[in-house]
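Commentary on secondary and tertiary structure
Single-letter residue listing:
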Amino acid sequence: MAAVGLASVSPSQAHAASPKAASFELTFLKASEGNVASLCQFIKENWFEMDRIAVEQGLMTEYRLLRSTGADPDWDVLVIVGYPNVDGYSGITKEFEAIRAAHTTVPVNGKTLRQLGTIVSSRRLVPG
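Anyway, here's the lowdown on the structure attached to this text. Bear in mind the structure is a predicted one, so any value in this text is a computation, not a measurement. (Residues numbered from 1 in each chain as written. Predicted model: local features only at pLDDT ≥ 70, side-chain atom pairs only at ≥ 80, totals over all residues. Heavy atoms only, no water.)

1. A few points about helix α1 (residues 36–56)
We count it as follows: Counting from the N terminus, the helices are the DSSP runs of H or I reaching at least four residues and the strands are the DSSP runs of E reaching at least two. The span you would expect from a helix comes to 1.5 Å times its residue count less one. Given a residue, its bend is the angle between the two axes fitted to the seven residues that end at it and to the seven that start from it.
Between its first and last C-alpha atoms α1 spans 28 Å; for 21 residues at 1.5 Å apiece the expected length is 30 Å, and the two agree. Along its length, α1 shows its largest kink, about 40°, at phenylalanine 48. Backbone geometry just after α1 places glycine 58 at a positive phi near 80°.

2. Let's talk about the nonpolar core
How we decide: By nonpolar core we mean a set of buried residues, namely Ala, Val, Leu, Ile, Met, Phe, Trp, Tyr and Cys, connected to one another through side-chain atoms within 4.5 Å. Relative accessibility thresholds used throughout: buried, under 20% of the residue-type maximum; exposed, over 50%; partly exposed, between the two (1.4 Å probe, protein chains only). Whether two residues touch is decided by their heavy atoms; if any such pair falls within 4.5 Å, the residues are in contact.
Residues Ile43, Trp47, Met60 and Val79 are the most contacted members of the largest nonpolar core, which totals 24 residues. Within the residue set of this core, elements represented by two or more residues are β3 (23–31), α1, β4 (62–68), β5 (77–83) and α2 (93–102). Looking at this core, the element that brings in the most residues is α1, giving nine residues. Apart from residues lying up to four places away in sequence, valine 79 is in contact with Glu25, Leu26, Thr27, Leu29, Ile43, Trp47, Phe48, Arg64 and Leu65. Counting residues in hydrophobic clusters, the runner-up holds six residues, among them Leu26, Phe28, Leu66 and Leu78.

3. Here we look at unusual backbone geometry
Among all residues except glycine, the phi angle is most often negative; among peptide bonds, the trans geometry is most common. Even without a glycine there, the phi angle at asparagine 109 is positive, about 55°. With respect to the helices and strands, the residue asparagine 109 is situated in the loop between α2 and α3 (113–116).

4. Observations concerning the pattern of salt bridges
What counts is decided by this rule: By convention in these notes, a salt bridge is any Lys or Arg side-chain nitrogen within 4 Å of a carboxyl oxygen on Asp or Glu.
In this structure the tally under the stated criterion is six salt bridges. Close ionic contact of glutamate 25 with arginine 124 constitutes a salt bridge, the shortest N to O distance being 3.1 Å. You can see glutamate 25 sitting in strand β3 and its partner arginine 124 sitting in strand β6 (residues 117–125), a full 99 residues away along the chain. Owing to a relative accessible area of 17%, glutamate 25 belongs among the buried residues under this scheme. Between arginine 64 and glutamate 62 there is a salt bridge, with its nearest N and O atoms 3.9 Å apart. On the basis of relative accessible area, arginine 64 is assigned to the partly exposed category, the value being 25%. Overlapping salt bridges, with partners in common, bring together Glu49, Arg52 and Glu56 in one network.

Right, here's the structure in full:
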């Protein structure tokens with residue numbers, strides 16, 4: 001298991017709000033060669049901009065970006081999103097897709113997610 005460090009994020013990007021999360025969705029990403037920092041920046045400027053709106057609307061409770069500090073062959077970046085429901089994203093799909101439709105993708109160094117990395121795994125967890 002790789003060591004993980006909290007990426008440098010502003011308070012709005014590591015936002016915790018009421019109510020407490022009933023579930024968390026973890027998304028593991030692998031950066032393309034030399035693009036870990038750019039992948040993190042892309043997530044902050046795109047995913048977290050949409051997540052910020054979702055938190056304001058009460059659809060999500062929080063979101064975090066963690067970056068591996070070790071040499072993990074499977075993933076480089078972990079995004080954790082908290083939801084006030086046990087269904088996670090599937091419980092807010094319709095509402096979040098409206099947020100996504102209104103968002104304009106901000107490329108980083110002229111690249112989008114597909115050029116910066118790939119999602120390698122995701123899973124939903126609930127508090128024990």
